[in-house]
Amino acid sequence: MTRVSFYGTADASAGVFHQGLVWVLNDVYGAEVNVASKLGEDTAKAGDILVSEGFYQSVSPRKEENWKKLDVEIPGTSGAWKYVY
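Quick caveat, the model's predicted, so the values are computed rather than measured.

Before going further, it helps to spend a moment on the packing of aromatic side chains. The full count for this structure, using the stated rule, is four aromatic pairs. Between Tyr56 and Trp67, the aromatic rings sit 5.4 Å apart at their centres with planes inclined by 75°, giving edge-to-face as the arrangement. Of this pair, Tyr56 sits in helix α2 (residues 53–58) while Trp67 sits in strand β7 (residues 67–69), and the two are eleven residues apart along the sequence. Relative to Tyr83, the ring of Trp67 lies with its centre 5.1 Å away and its plane at 65°, an arrangement referred to as edge-to-face. With Trp67 in strand β7 and Tyr83 in strand β8 (residues 80–83), the pair connects residues that are 16 residues apart, well separated along the chain. The class of Trp67 is buried, set by a relative accessible area of 13%. Taking the relative accessible area as the measure of exposure, Tyr83 reaches 29% and is therefore partly exposed. Taken together, the ring pairs connect Tyr56, Trp67, Trp81, Tyr83 and Tyr85 into an aromatic cluster.

Here it is, written out as structure tokens:
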């Protein structure tokens, strides 16, 4: 787990989806944002890095032992993976 210190500590999680986004007036929209949000906010625990199936497939080369397929259903993606560090 990585801790970032400003005036204290904070635990973070991340969700990543791989496709295009719509950027309008300093905000982003689209199904991709929804998937990343569901991965990062609804599914991930503090310190997790979760990615969509599309992002996982785009990572090359990758060490298979660093990735774990998750048994969750996320609308908008065919699968989810956890990066194990």
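Following the sequence through the fold, Ile74 ends up in the loop between β7 and β8. Distance in space between the C-alpha atoms of Ile74 and Asp42 is 9.8 Å, their sequence separation being 32 residues. Not counting residues within four places of it along the chain, the set of residues in contact with Ile74 comprises Val35, Lys38, Leu39, Thr43 and Ala80.

Its location among the elements puts Asp71 in the loop between β7 and β8. On the basis of relative accessible area, Asp71 is assigned to the exposed category, the value being 81%. Between the C-alpha atoms of Asp71 and Trp81, which are ten residues apart in sequence, the distance is 8.9 Å.

Rules behind the numbers
- Residues numbered from 1 in each chain as written.
- Predicted model: local features only at pLDDT ≥ 70, side-chain atom pairs only at ≥ 80, totals over all residues.
- Heavy atoms only, no water.
- Phe/Tyr/Trp six-rings, centres within 6.5 Å; stacked < 30°, edge-to-face > 60°.
- Helix = DSSP H or I, 4+ residues; strand = E, 2+ residues; numbered from the N terminus.
- Buried < 20%, exposed > 50% of the residue type's maximum accessible area, 1.4 Å probe, protein only.
- Contact = heavy atoms within 4.5 Å.

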